[in-house]
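Spelled out from the first residue to the last, the chains are:
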Amino acid sequence: MSVAVVQFPGSNCDMDALHAVRTIGAEAHLVWHTETDLGRASAVILPGGFSYGDHLRSGAIAARSPIMNAVRAFAEAGGPVLGICNGFQILTESGLLPGALARNEHLHFVCRPVRLRVENASSVFTDVYAQGQELTLPVAHGEGSYYADDETLARLHGEGRVAFTYLDNPNGSLRDVAGVLSERGNVLGMMPHPERVVEAVLGGTDGRGVFESLVAHAERAVAL
Amino acid sequence: MTAAASLRERAATFGLTVEEYDLLVERVGREPNALEAAIVGAMWSEHCGYKNSRPLFSVFPTTGPQVLQGPGENAGVVDIGDGLGVAFKMESHNHPSAVEPVQGAATGVGGILRDIFAMGARPFAVLDSLRFGNLDSPRTRFLLHGVVEGISHYGNAIGVPTVGGEVTFHPSYQENPLVNVMALGLLKHEDLAKGTMGAVGNQIVYVGSRTGRDGLGGAVFASADLSDASGADRPAVQVGDPFMEKLLLEATLEAIERGLVAGVQDMGAAGLVSSTCEMAYRAGLGVDMDLSKVPTRETGMVPMELCLSESQERMVLVPVPGREEDLLDLLAKWELDVVVIGSVAAHDRYRLFWQGEVVCDLPVDVLNEAPKYTREGVESPEIRAARERDLTDVPVPADLSEVLVTLMGDPTIASKRPIFERYDHQVMTNTVVVPGAADAAVMRVRGTTKGVAATSDCNPRFVYLDPFVGAAAAVAEAARNLACVGATPLAITDNLNFGNPHRPEVYYQLQQATRGIAEACRALNTPVTGGNVSLYNQYNERQPDGSVRTVAIHPTPTIGMVGVLPDVERRATLALPEGQHVLYLVGDHAADVGASQYLETVHGLEAGRVPALDLALEKRVQDAVIALIRAGHARAAHDCSEGGLAVTLAEMAVAGGLGLTVKVDAAGRADALLFGEAHSRIVVAVPVGHEEAAEALLHEHGAPFHLLGFVGGEEVAISLPRHDLHLSVPLPRLQDAFTRPLREALA
């Protein structure tokens, strides 16, 4: 079992995601964007960065990369897919998650720790957390303001598909949405960076839970 | 008129004096053609040829057991043990940022990163030293917004964290801001790459962005005064593409790691010419290159443009013989434009071809050996008078608590958080100490217990009033800042920003400052591993009556310093820690108010003697604090700089959200004791119970110290028993004063 971290040209949190998975004791491997196969992946991470230099729109070109066909098939088969920051943007651009990430309300890039609340602690990405638990994770983005129409937002909330909300919204996301789950719950997109807080030396470990949940589920899925 | 005669008359348009033109003719043995004259003009510019500054560098110490690569390469490299080295360098992008701040600053980041990965080092940190005019002026707001956006745009996208730096404000930078960017990279000793052509027969590979007309003549532009006509030089500013740079970075590092390249260099100032000329010179060989093969972005480009364009994100790679195909395959994987443009030749010429004709044929050594000028330096009588001004008539303000609040809100001292929150400072997941949290940034080194610390420092007011002591003080402060996180200083890079060296008073500053740097580097065991020179930082302002007023910047030799922590867990930050702690001043109280920020901010005076710098004392204080931190006896440490002891204490309190109560039991002017900027002083927070051990360690290092008081409460309370004075400011007031100026400026 190994977590596949997809590398697009311009990804810059790819090595960080790889390192985070390895830090919690699991295996991870890199997959180049022109590949058509994810290898023996038990889970997929689309990392942060500026894939294709954010040309056109953040995530728009990456969403049409050859590897995304494999990612889509993997998700359709129920495999867990986690998109962080630019990865979240790629997931909305490729239609695997609803909504869109718009320019931050204040129009600036923002890098700082934010407080989050775990709104759904039963997903494959969050179940080591407690429902309502408060976390501190850093954000680092210029286009992270979550947008969806009212109906979609209501449905996401109603179906428990908002994984995290901001307690101090850094970007103007509607209803403070920080992370969104797919209908089946096996795809998560989130703007904050859990991979940056998996070691105490870097100032916190609140992000470990995302990777621990993911890896535990992936291992269980393999065992079945 | 013959063509040659007219070239000689036009020498200035190539950045050459008539005397330099004649020297060129003499050395080459014939008249150059226009292209050759332009190439020589660029190579002999201050930016590439260091003609005014190099003779002054001979005083610098450049060697030491820690130095893996000294000056002369794309960047210096220090050994940090475990088979690893840190490549680092600082470079200015002042003139471009003055006319086009977003791209000027962005390409400053891009350029210095290429210097780092050209050494085979993966960039892992960027620091920016920024200087602007008055924060309240619309021009400064425009420049500040633009520069911050440019750094943010480029650094964030490429994925190298921006972890520190400085931002200060002074009217001398009103028209001519300074943007100095420092980058650090990590390498394995065996991957250390060089900017050389290697051996005869090697191919010369051009890789990266296509060549356009942007940045044309940038090296010459950077080596002249700015004026109100400089806006017309906007085409001399390059445009950056961080996405292309990211691809180049990954491809170059992969090529070096796989042993595919014999030499590598980025195309920086003076583009294709300077990179290939320097590589040829280091190899002691000639080159033959075909300009017709250079990939272009625009049609109709001519040799002059192809040679001197400073289009960004371009590198020169020289493949290891026999590995050419492997290198080209690798570059193709990264979807980079790549062309073989020539080869290394057995002659000693720099030969360029264009459509089958030889268009340049000059000796490589002539191009690389710019004339050197030693000038006469004379101190400005005006500055001497300011330094010697008697300060006894300066009144001591009645309310010193208010002075403390005012200083905390001075833009130079105030919190820079609103700026560094625009920068991704955590990508790569190595940043242990984030910007603003301590006197230096700290990054862990994976696979080891170590940390690397970095800082950039200069107090231009000190250098203005006394260039020798001021420049030495910049080195001392940089080392002190590293000591405050628990790091042993290793080496420096310097970025010498001065006015026009043809003016004797500017040359004097340059002369004195380089000597000051050299003396401090010797005393503190931090050799110079490289640097950058930015002269002509002055603005010629046309007055209504037609006369021209020259405004030179304060001389600003920015010092970038790198240090190492053997155990990254044993470090300190500046925030007062929770739990019971007592505060000590390591170093001495001093009633020395000269050259202080306090005098400028409160009394409108830039005057007085720079406090004397005792480098032996400085070393003892630093070594003692490093020992305290490593032994676990100091949890917080912060040095006294702008704003003096009182501001140091207030900053520690605000950062920790905790108050303090201290006594300053010393004689002299109260304002000087509180706000004077004597060097070699660090405030440390020692856990209760550790006092005895801490004092023993301080004695052992021969460092003077004073018990100040304790941490706790909700105000900063400072009493001066000998003056029957008591300052007391609630934390929220200090917090508000400290955070407001930049937050409002960047809103």
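Residues numbered from 1 in each chain as written. Chains lettered and ligands numbered in written order. Predicted model: local features only at pLDDT ≥ 70, side-chain atom pairs only at ≥ 80, totals over all residues. Heavy atoms only, no water.

All names here are of chain B. Tallied over the full model, the rule gives 51 salt bridges over all chains. Of the charged contacts, one joins Arg139 and Glu175 as a salt bridge, the two residues approaching to 3.0 Å between their closest N and O atoms. A residue pair is termed long-range when its members are at least 10 positions apart, and Arg139 in helix H8 (residues 138-158) and Glu175 in the loop between strand S5 (162-169) and strand S6 (178-188) qualify at 36 residues. Judged by its relative accessible area of 24%, Arg139 falls in the partly exposed class. Residue Glu175 is classed as partly exposed on the basis of its relative accessible area, which comes to 23%. A salt bridge links Arg384 to Glu379; its shortest N-O distance comes to 3.6 Å. (Salt bridge = Lys/Arg side-chain N within 4 Å of Asp/Glu carboxyl O. Helix = DSSP H or I, 4+ residues; strand = E, 2+ residues; numbered from the N terminus. Buried < 20%, exposed > 50% of the residue type's maximum accessible area, 1.4 Å probe, protein only.)

Considering all chains together, one arrives at nine aromatic pairs over all chains under this definition. Considering the side-chain rings of Tyr52 of chain A and Phe243 of chain B, the 6.2 Å spacing of their centres and the 45° angle between planes classify their relative orientation as tilted. Within this pair, whereas Tyr52 of chain A is found in the loop between strand S3 (41-46) and helix H2 (66-76), its partner Phe243 of chain B is found in helix H10 (residues 242-257), the two belonging to separate chains. Each member of the pair Tyr52 of chain A and Phe243 of chain B is classed as buried. (Phe/Tyr/Trp six-rings, centres within 6.5 Å; stacked < 30°, edge-to-face > 60°.)

Residues and elements named next belong to chain B. A full pass over the atoms with the stated rule returns three cavities of 30 Å³ or more. Considering only enclosed or pocket space, the largest cavity measures out at about 110 Å³ in volume. If you trace the largest cavity, you find 13 residues lining it, with Phe169, His170, Pro460, Arg461 and Gln597 closest to the centre. Among the elements of the structure, S5, helix H18 (460-465) and helix H21 (597-603) are those that each provide at least two residues to the lining of the largest cavity. (1 Å grid on protein atoms, 1.4 Å probe; cavity = no way out; pocket = protein on both sides within 12 Å on 5 of 7 lines; lining within 4 Å. Points joined across faces, edges and corners; volume = space filled by probe spheres on them.)

Moving on, we get to the interface of chain A and chain B. Taken together, the contact pairs 25 residues of chain A with 30 residues of chain B. Note on chain A versus chain B: buried area summed over both sides is about 2,200 Å², and carbon and sulfur give 59% of it. Its salt-bridge partner being Glu199 of chain A, residue Arg444 of chain B comes within 2.8 Å of it at the nearest N-O pair. Taken together, the connections running from chain A to chain B amount to eight residue pairs in polar contact (both at pLDDT 80 or more). Secondary-structure elements contributing two or more residues to the side of chain A that touches chain B are helix H1 (14-23), strand S6 (110-118) and strand S7 (134-141) of chain A. Looking at the side of chain A that touches chain B element by element, the count peaks at three residues for S6 of chain A. Taken together, the residues of the side of chain A that touches chain B break down into 12 nonpolar, eight polar and five charged. (Contact = heavy atoms within 4.5 Å. Buried area = accessible area lost by both parts, 1.4 Å probe. Polar contact = N/O pair within 3.5 Å; in protein donor to acceptor, adjacent residues only side chain to side chain. Nonpolar A, V, L, I, M, F, W, Y, C, P; charged D, E, K, R; others polar.)

Residue and element names in this part refer to chain B. Spatially, the seven strands line up as an open sheet ordered S9-S11-S7-S12-S10-S13-S14, and their pairing is mixed. Two strands lie at the open edges of the sheet, namely strand S9 (261-266) and strand S14 (357-363), each paired on one side alone. Sheet twist, expressed as the mean angle between neighbouring strand axes with direction ignored, is 20°. Two elements, strand S7 (residues 203-208) and strand S11 (residues 314-319), share four bridges in a ladder whose sense is antiparallel. (Pairing = 2+ DSSP bridges. Axes fitted to C-alpha atoms, helices over the stretch in contact; angles between N-to-C directions.)

A few words now on the packing of helix H16 (residues 400-408) of chain B against helix H26 (residues 731-746) of chain B. All names here are of chain B. Following both chains from N to C, one finds H16 and H26 inclined at 35°, their axes separated by 7 Å at the closest point. In contact with Glu402, Leu404, Val405 and Met408 of H16, H26 contributes Arg733, Leu734, Ala737 and Phe738. Of the residues that constitute the contact of H16 with H26, the class distribution is six nonpolar, no polar and two charged.

Residues and elements named next belong to chain A. Examined against the element boundaries, Ile90 turns out to sit in helix H3 (residues 86-93). When the C-alpha positions of Ile90 and Ser123 are compared, they lie 21 Å apart, and in sequence the two are 33 residues distant. Setting aside residues up to four positions removed in sequence, Ile90 forms contacts with Phe8, Leu46, Ser51, Gly59, Ala62, Ala63 and Met68.

Residues and elements named next belong to chain B. Of the two faces of strand S24 (residues 636-639), the one lined by Ala636 and His638 and the one lined by Ala637 and Asp639 are each fully buried. Of the pairings in the sheet, the one linking S24 to strand S26 (residues 682-687) comprises four bridges and is antiparallel in character. Within the sheet, the bridge partner assigned to Ala636 lies in S26 and is Ala685.

The next subject is the sheet that holds strand S10 (residues 177-181) of chain A. Residue and element names in this part refer to chain A. Taken in spatial order, the nine strands line up as S2-S1-S3-S4-S11-S10-S9-S6-S7 in an open sheet, and their pairing is mixed. Edge positions in the open sheet fall to strand S2 (28-32) and S7, since each of these has one partner strand only. Sheet twist, expressed as the average angle between the axes of neighbouring strands with direction ignored, equals 25°. As defined by bridge partners, S6 adjoins S7 across eight bridges and the pair is classed as antiparallel. Within S7, the residue paired with Arg115 across the bridge is Thr136. Across the sheet, H1 is in contact with strand S1 (2-7), S2 and S3; its angle to S2 comes to roughly 155°. Against the sheet, H2 engages S1, S2, S3, strand S4 (81-84) and strand S11 (187-190), with an angle of about 125° to S3.

That's the geometry; what it means functionally is another story.
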